[in-house]
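# Examination of the molecular architecture
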Amino acid sequence: MLRRFVSLAFVLAFAASVAADTSTNRLLLNAWPGEQTKKVSEIGRGIGVVFSPDLSVKDNCHFYEALGFACFQDADWTNILAGVHTFNLLNPDRRIGTLILETHGTNGNGLKVQAGYEPDSPRSYISVGALQERLEADGVFHVVISACNSGRLLRPAIYNRLDPYCGDKLFLPPTNGIVNAADDFDPRLSAVMLIRPQSSHIETTLVGTVAELRPSTRRALAAAAKLRGVALPKEFAVSDMLVQMLTRDPYLQLVTGAHTDDLSAEIRSQQTSEQLFTKFVTHLNRVALRERPAAAKKTMVAKKRVPAKPSSKSASAAPRR
Amino acid sequence: MRTILALLAVVALFGCRSSRSDKIDPNVQTSVTNTPAATVPVNPNNTTGTVVEAKGTAPQSAALPTVTPELNVKTENPPMASAAQDATTTTTTKSTTTTTHKKVRKD
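Residues numbered from 1 in each chain as written. Chains lettered and ligands numbered in written order. Predicted model: local features only at pLDDT ≥ 70, side-chain atom pairs only at ≥ 80, totals over all residues.

The next thing to look at is the pairing of strand 1 (residues 47-51) of chain A. Residues and elements named next belong to chain A. Most of strand 1 sits out of view: five of its five residues are buried. With burial as the criterion, each face of strand 1 is covered, one bearing Ile47, Val49 and Phe51 and the other bearing Gly48 and Val50. The pairing of strand 1 with strand 3 (residues 98-102) spans five bridges and is classified as parallel. By the bridge assignment, Val49 is partnered in strand 3 with Ile100. Strand direction decides the pairing type here: strand 1 and strand 2 (residues 70-73), joined by four bridges, are parallel. Considered in strand 2, the bridge of Phe51 is made with Gln73. Taken together, strand 1, helix 3 (residues 60-66) and strand 2 constitute a β-α-β crossover, and its handedness is right-handed. (Buried ≥ 20, exposed ≤ 12 C-beta atoms within 10 Å, placed from the backbone. Helix = DSSP H or I, 4+ residues; strand = E, 2+ residues; numbered from the N terminus. Pairing = 2+ DSSP bridges. Right-handed = clockwise from strand over helix to strand, strands pointing away.)

Below, the structure is given as C-alpha cells:
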C-alpha cells in the first residue's frame, strides 16, 4: 500500500514538472538562457535592448549596459541596425543573439521609434520582415517584440512592407524614413524567430530610480558600470514584459509566428505593473546578494594567505584569537 | 512489479512528449499560414537588399492629424485617440503608502 502511494506521488510530481515546462519557458531558455546569472554585470549578456527615445529616460542605456545588455536608443531604425551590426563585430565574446524591442507598435501598424509626438519629431518605422532580413546576417536569431498590439504587426498585408496610408492617427510622419523588406524577401526562409506576447495588448514601461535598490545592489551596479566605462544614471525605464521575461513570470505567455487582426485596448493596471517593478528590484537585489558572498569569500582567503608575522616590537600586529 | 511497469510507461510517455517539444525549429514560424509571401509581388528588377523609403515623406494620413489634447475623448479605441497624452502619460508621485512610478504606454 505504502509502495503504491509513493509511486503515485512520484508520478504526480513528475507530471507536474512536465506541465510546468511550457512552451514559453522553452522559448526563453533559447532566447534568454541566463536566468541563474550570478553577476549583476552578466544579467543581460547576449541580449540587446532597443529603446524608442520617448519611452526612455536620460542615460537609460548606461543602466542596461551596466547590467550587461547591449543597448540602442535612436529615432532612426537604420542607426539601430547599424549599431547592432557594429556591436556584434566589435564584441565577438558578447554577441547579441536576442533583440528586445522596447518600441511603439503604432496600434499594430509598424514598429516605431520616435523622439516625441510632434509631427516633425525624429521618427522612423520598420516592418517585421525587414527586421528578420537585416538581423539574420548579424547573427541575431530571436527578436522579442515588446510593443503595443504586437500581434497585428505580423499581419500578412504589412509583414514586409508597411502601409504609411493606413489612416491610423498614431502613424505620424516618418521623418527618418521607413525600413521595409526587399520585395523578394521570403520570411519562410528566415532563421530569425519573432517572439511576442500571446495576448496582443497595450504594453507599458515604468520609470524607476536606482535609489530604490539596496545599497549593496547599487554598489554592484556602480562597479559593473565602471567596468563598462559608463556612469550609472539616477533613473531607468523598464517594461513589464522585460521584467516578466527576466524573472520567468508564470503569467507570461509567449508565442511565435501567429498574427491577429484585432486591435486591443487592454492594458495592465498600475498595481500589476508596480508588482512587476517590485519583482525586478527584488531580482536585482538577489543577484547582487549572490555576487557579494563570493567577493567576501575571496577577501577572506586572501587575508588567510598572508598571515601576520609575529613581531616582538608590535604586539598589536599579531592575529587576534 | 505492475506498479513499476506502469511507472515506466508514464515516464516514457512524458519523456517522449517533452523531447518532441523541446526542439525549437527556428523556422517553425514558416509553417504558419499567415506568412505574407503569397501576397508579396516579386520585383525582378530589385535585387538589392532592404528597401528604405525616402526620409521625410509624410504620408497623407499622417499629416492630417495634429494630435491635440482635445482628441483625448474616450472612444472605442482609446489608444488611437490619446497619442498626445500617451507621450507623457500617466501619473504620478507618491501616495501615502507606496511609491507609484511613471507609466508610459508603448502604442
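On we go from here.
Further remarks concern the environment of Gln253 of chain A. Residues and elements named next belong to chain A. Checked against the element boundaries, Gln253 lands in the loop between helix 7 (240-246) and strand 11 (254-256). C-beta crowding within 10 Å serves as the criterion here: with 14 such atoms nearby, Gln253 is assigned to the partly exposed category. Sequence separation between Gln253 and Leu27 is 226 residues; the distance between their C-alpha atoms is 10.0 Å.

Our focus in this paragraph is unusual backbone geometry. In most cases, non-glycine residues show a negative phi, while peptide bonds are predominantly trans. Although it is not a glycine, Asn107 of chain A sits at a positive phi angle of roughly 55 degrees. Position of Asn107 of chain A among the secondary structure elements: in the loop between strand 3 and strand 4 (111-114).

A few words on the sheet that holds strand 10 (residues 235-239) of chain A. Overall, antiparallel pairing links the three strands, which are arranged 10(A)-9(A)-2(B) in an open sheet. The sheet is open, and its two edges are formed by strand 10 of chain A together with strand 2 (102-105) of chain B, each paired on a single side. Across the sheet, the mean angle from the axis of one strand to that of its neighbour is 30 degrees, orientation sign disregarded. The pairing of strand 9 (residues 204-209) of chain A with strand 2 of chain B spans four bridges and is classified as antiparallel. Among the inter-strand pairings, Thr205 of chain A is bridged to a residue of strand 2 of chain B, identified as Val104 of chain B. (Axes fitted to C-alpha atoms, helices over the stretch in contact; angles between N-to-C directions.)

Bringing the confidence of the model for chain A into the picture now. Note that predicted coordinates carrying low pLDDT should not be read in detail. Residue and element names in this part refer to chain A. Of all residues in chain A, 84% attain a pLDDT of 70 or more, and the chain-wide mean is 88. A low-confidence stretch, residues 16-21 stays under pLDDT 50, and its non-local contacts, those more than four residues away or across chains, total four contacts. Below pLDDT 50 for its whole length, residues 308-321 participates in five contacts with residues either more than four positions away or in separate chains. (pLDDT = per-residue confidence, 0-100. Contact = placed C-beta atoms within 7 Å.)

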